[in-house]
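Topology and contacts: notes
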Amino acid sequence: MVVKVFIASQSGSTAIKKKQQDVLGFLEANKIDFKEMDIAANEDNRKWMRENVPGEKRPQNGIPLPPQIFNDELYCGDYDSFFNAKEDHGVYAFLGLAPPPGSKEAHQAAIIQNGEVPESDKGDLENIGENEAEKDQESVHQTIEPEEAEKEEAEPVTEDEEEQPVTEEEDEEEPVTEEAEALTEQKQV
């Protein structure tokens, strides 16, 4: 099985160029075998790509833009699908390839396939359970007993505790500066 990436070597769109470079760079960096299929230089590639992108995956204008990714004849997706798979550590599944041993994707696949968490990760899950139990205990200690809540409601609020509205005189007061303090002290003497 060969991954085919349909690109346009002669594109006027910088967005398309960046997306193509992102896909190709990722495949090269992860040593995934692929073939570049140039739709600008080869009319047959352009026709094949346009005919083989499923109807529901086509944009509104009906003409799919590069990069488009296939695994042999099987359509994998466009750049947005690739990007989402990359963010979710699911590129190998997206491409229809087996993930390399030891990768995050291989680890996730093992969990899904076996329905079990490997022994190396069970300690992490136990710690998570302990942390949740501690949080539950903390929240129990922070609850207010109904009797205490009634006492708080029953206590009257004194005039000092109430908020008083700001009067115009208070609103117009100027901040006290060092010069103003010095003048006030001189007047008092």
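About the thresholds
- Residues numbered from 1 in each chain as written.
- Predicted model: local features only at pLDDT ≥ 70, side-chain atom pairs only at ≥ 80, totals over all residues.
- Heavy atoms only, no water.
- Helix = DSSP H or I, 4+ residues; strand = E, 2+ residues; numbered from the N terminus.
- Buried < 20%, exposed > 50% of the residue type's maximum accessible area, 1.4 Å probe, protein only.
- Areas by Shrake-Rupley, 256 points an atom, 1.4 Å probe, with all protein chains shown as cover.
- Axes fitted to C-alpha atoms, helices over the stretch in contact; angles between N-to-C directions.
- Parallel < 35°, antiparallel > 145°, perpendicular 65-115°, else oblique.
- Left-handed = near helix turned anticlockwise from the far one by under 90°.
- Contact = heavy atoms within 4.5 Å.
- Nonpolar A, V, L, I, M, F, W, Y, C, P; charged D, E, K, R; others polar.
- Phe/Tyr/Trp six-rings, centres within 6.5 Å; stacked < 30°, edge-to-face > 60°.
- Lys NZ or Arg CZ within 6 Å of the ring centre and 35° of its normal.
- Pairing = 2+ DSSP bridges.
- 1 Å grid on protein atoms, 1.4 Å probe; cavity = no way out; pocket = protein on both sides within 12 Å on 5 of 7 lines; lining within 4 Å.
- Points joined across faces, edges and corners; volume = space filled by probe spheres on them.

Section: the overall build of the protein chain
Per the secondary structure count, the protein chain includes 9 helices and 4 strands. Start at the N end of the protein chain and walk to the C end: the helices and strands fall as β-α-β-α-β-β-α-α-α-α-α-α-α. Counting over 189 residues, the protein chain shows a buried share of 22%. Accessible area for the protein chain stands at about 14700 Å²; split by element, carbon and sulfur atoms hold 48% of it.

Structural notes on the packing of helix α1 (residues 14-29) against helix α3 (residues 79-87)
Close contact between α1 and α3 brings their axes to 10 Å; oriented N to C, the two are set at 45 degrees. Regarding the angle of α1 to α3, the classification is oblique. Remark: the crossing between α1 and α3 carries left-handed chirality. Within the contact between the two elements, α1 uses Lys19, Asp22, Val23 and Phe26 and α3 uses Tyr79, Phe82 and Lys86. A breakdown of the residues in the contact of α1 with α3 according to their chemical character gives 4 nonpolar, no polar and 3 charged.

Some thoughts on the packing of aromatic side chains
Summed over all chains, the structure comprises 8 aromatic pairs. Ring geometry for phenylalanine 26 versus phenylalanine 82: centroids 5.6 Å apart, planes at 80 degrees, classification edge-to-face. Of this pair, phenylalanine 26 sits in helix α1 while phenylalanine 82 sits in helix α3, and the two are 56 residues apart along the sequence. Ring centres 4.9 Å apart and planes at 65 degrees place the aromatic pair tryptophan 48 and phenylalanine 70 in the edge-to-face group. One end of the pair, tryptophan 48, is in helix α2 (residues 43-52); the other, phenylalanine 70, is in strand β3 (residues 68-71), with 22 residues separating them in the sequence. You can call tryptophan 48 partly exposed: its relative accessible area is 23%. Residue phenylalanine 70 is classed as buried on the basis of its relative accessible area, which comes to 0%. Counting every residue linked through ring pairs, the aromatic cluster contains Phe26, Tyr79, Phe82, Phe83 and Phe94. When the ring centre of tryptophan 48 is taken as origin, the NZ or CZ atom of lysine 4, which lies over that ring, is 5.2 Å away.

Some points on the sheet that holds strand β1 (residues 3-7)
Spatially, β2-β1-β3-β4 is the arrangement adopted by the 4 strands of the open sheet, whose pairing is mixed. Of all strands in the sheet, those with a lone pairing partner are β2 (34-38) and β4 (74-78), marking the two edges. Here the strands of the sheet are splayed against their neighbours by 25 degrees on average, with no regard to which way each runs. The pairing of β1 with β2 spans 5 bridges and is classified as parallel. By the bridge assignment, lysine 4 is partnered in β2 with lysine 35. Along the sheet face, α2 touches β1, β2, β3 and β4 and points at about 80 degrees away from the line of β3.

Here's the deal with the layout of surface pockets
Roughly 220 Å³ of volume is contained in the largest pocket. Lining the largest pocket we find 15 residues, and of these Lys19, Leu65, Pro66, Gln68 and Asp78 sit closest to its centre. Breaking the lining of the largest pocket down by element, the ones donating at least two residues are α1 and α3. Here the element with the most residues in the lining of the largest pocket is α1; it accounts for 3 residues.

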